[in-house]
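# Breakdown of the fold
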Amino acid sequence: MDNLTVFTEFLLMDVTASWELQVLQGVLFLVIYLGALTGNLLTVTVIVTDTRLHSPMYFFISNLALLDLSSISVIVPKAIMNSLTGRETISLKDCEAQIFLYLLFAVVEIALLVVMSYDRYVAICHPLHYGLIITPSLCSQATAGSWASGLVYSAVHTGALFRLPFTKTNVIQQYFCDVPQILRISSADVQVSEFVVIVVSVCITLICFKFMCFSYVNIFSTVLKMHSKEAGNKAISTCTPQLAILLLFLISGLVAAFSPIPKKPSLKNLLTAMFYSMVPPFMNPIIYCLRNREINAALQRMFKRYSQITVKGFLE
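Each chain has its residues counted from 1, following the order in which its sequence is written. It should be noted that, the model being predicted, local features are given only for residues of pLDDT at least 70 and side-chain atom pairs only at 80 or more, the latter also being counted only at that level, while totals for whole chains, interfaces and linings use all residues. Side-chain descriptors were evaluated using all non-hydrogen atoms of the structure, hydrogens and water having been removed beforehand.

A few words on the UniProt feature "transmembrane region" (unreviewed entry) in the chain. As annotated in UniProt, the feature "transmembrane region" (unreviewed entry) corresponds to residues 23-48, 60-80, 100-118, 195-223, 243-261 and 273-291 in the numbering used here. Secondary structure follows DSSP: runs of H or I at least 4 residues long count as helices, runs of E at least 2 residues long count as strands, and numbering of each begins at the N terminus. Regarding residues 23-48, the helix share stands at 100% and the strand share at 0%, and the terminal C-alpha atoms are separated by 37 Å. Secondary structure content for residues 60-80 is 100% helix and 0% strand, while the C-alpha to C-alpha distance between its ends is 30 Å. UniProt positions are given in the numbering used here, feature names are shortened, and annotations may be inferred rather than shown by experiment.

What follows is the structure in structure tokens.
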């Protein structure tokens with residue numbers, strides 16, 4: 001038998017030609033990460049501290065913010081450290097953990113988006129039964145089910161992807177461990193098993209998307225039939241942020257799925273990866289703050305309380 005080299009670490013993509021550009025890339029990643037960190041933590045804080053937002057819809061929004069914070073934290077801090085220190089490697093175990101966690105948070109987010117669409121469907125199409133259907137126990141069960149489905153899927157997907165050693169190459173043309181890149185350097189047996197997992201995943205995702213489309217079509221149909229324009233505008237205002245986040249998630253997912261797998265480093269591939277891995281967690285809290293009246297009002301109340309406490313403490 002020929003001697004095979006089994007790789008235990010991977011080389012990550014480097015599109016920068018100089019140390020200065022590499023530091024600039026790290027600073028850009030840091031600014032985006034701090035923006036996403038601040039926005040999502042602020043969203044969670046205002047929902048937890050403001051009793052007016054203690055409802056099922058905002059419970060799911062706070063969970064979504066935590067997921068966005070977690071998903072970007074899986075990838076970006078490591079990329080920042082590599083850019084600022086000049087390192088271009090990641091160990092096999094770190095790569096495996098990165099893929100497992102990133103898939104986990106992505107699947108849980110899809111499941112929560114489905115649950116949130118059902119929550120809005122019941123609230124707008126069956127408002128009299130909302131309190132009977134969307135109960136605190138149902139919210140807890142839906143969230144637990146979302147996490148359980150994410151754990152199962154992520155464990156199966158990651159286990160199938162890393163079940164055999166890597167002997168082809170250890171070069172990943174990406175700044176993090178991306179599934180298509182790992183699949184590209186995997187053995188033929190792993191590629192076959194992953195193809196089955198991906199096909200099943202696509203089928204499940206299409207079912208979820210069909211359910212969300214059904215919910216939102218019924219919502220807009222009900223809104224169009226409302227006699228009160230004010231009630232219709234209020235109903236739409238609670239749905240538009242979720243629709244915007246859903247569209248952003250779908251667009252980023254499509255970009256990730258249909259972008260050609262790069263075989264050499266380029267600025268285009270870096271920007272594409274940044275779009276689907278960083279933009280949704282960064283933009284989601286901005287969408288909620290701009291489009292959701294209740295969160296906007298709660299933020300104003302929180303900042304007003306904070307400024308009053310600060311001024312009072314300064315005068316004393």
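The rest of the description comes next.
Cysteine sulfurs are considered disulfide-paired once they come within 2.5 Å of each other. Under the counting rule described, the total for this entry stands at 1 disulfide. Between the sulfur atoms of cysteine 95 and its disulfide partner cysteine 177 the distance amounts to 2.1 Å. Where cysteine 95 bonds to cysteine 177 through sulfur, the torsion about that S-S bond is close to -130 degrees, and the disulfide is left-handed. Residue cysteine 95 is found in helix 3 (residues 92-125), and its partner cysteine 177 is found in the loop between helix 5 (136-161) and helix 6 (179-184); the two are separated by 82 residues along the sequence. Residue cysteine 95 shares its accessibility class with cysteine 177, and that shared class is buried. Cysteine 208 carries a free sulfur, and the closest cysteine sulfur to it, the one in cysteine 213, is 11 Å from it. In this model cysteine 239 remains outside any disulfide bridge; the closest cysteine sulfur is found in cysteine 125, 8.7 Å from its own. Classification of residues uses two cut-offs on accessible area relative to the type maximum, computed with a 1.4 Å probe and protein chains only: under 20% is buried, over 50% is exposed, and between them is partly exposed.

What follows concerns the nonpolar core. Residues Phe29, Ile61, Tyr175, Ile219, Met278 and Ile295 are the most contacted members of the largest nonpolar core, which totals 62 residues. Within the residue set of this core, elements represented by two or more residues are helix 1 (19-49), helix 2 (56-85), helix 3, helix 7 (188-225), helix 8 (229-258), helix 9 (267-291) and helix 10 (293-315). It is helix 3 that provides the largest number of residues to this core, a total of 14 residues. Only buried Ala, Val, Leu, Ile, Met, Phe, Trp, Tyr and Cys residues count toward a nonpolar core, and they belong to the same one when joined by side-chain atoms within 4.5 Å. Listed in part, the 16 residues of the second largest apolar core include Leu103, Ile172, Cys177 and Val190.

Of note, arginine 120 is situated in helix 3. On the basis of relative accessible area, arginine 120 is assigned to the buried category, the value being 8%. In protein, a polar contact requires one atom able to donate a hydrogen and another able to accept it; more generally it is a pair of N or O atoms within 3.5 Å, and residues adjacent in sequence count only if both atoms are side-chain atoms. At 3.0 Å, the side chain of arginine 120 and the side chain of aspartate 119 are in polar contact. We call two residues in contact when some of their heavy atoms are within 4.5 Å. Once residues within four sequence positions are removed from consideration, arginine 120 is found in contact with Met57, Tyr130, Ile219, Thr238, Cys239 and Gln242.

A separate point is the environment of isoleucine 198. Relative to the elements of secondary structure, isoleucine 198 occurs in helix 7. With 41 residues separating them in the primary sequence, isoleucine 198 and histidine 157 have C-alpha atoms 8.5 Å apart. Leave out the neighbours within four places in its chain, and isoleucine 198 touches His157 and Leu183.

A word on the packing of helix 3 against helix 7. The N-to-C vectors of helix 3 and helix 7 enclose an angle of 25 degrees; their axes lie 9 Å apart at closest approach. Between helix 3 and helix 7, the angle is such that the two are roughly parallel. The two elements helix 3 and helix 7 meet at a crossing, and its hand is left-handed. For the pair helix 3 and helix 7, contact is made by Ile110, Leu113, Val114, Ser117, Tyr118, Arg120, Tyr121, Ile124 and Cys125 and by Cys208, Phe211, Met212, Ser215, Tyr216, Asn218, Ile219, Thr222 and Val223, respectively. Geometry is summarised by axes, namely lines fitted to C-alpha atoms with helices restricted to the contacting stretch, and by angles between N-to-C directions that run from 0 to 180 degrees. Working definition: roughly parallel below 35 degrees, roughly antiparallel above 145 degrees, roughly perpendicular at 65 to 115 degrees, and oblique for all remaining angles. Crossings are assigned a handedness: left-handed for a near helix turned anticlockwise from the far helix by less than a right angle, right-handed for a clockwise turn.

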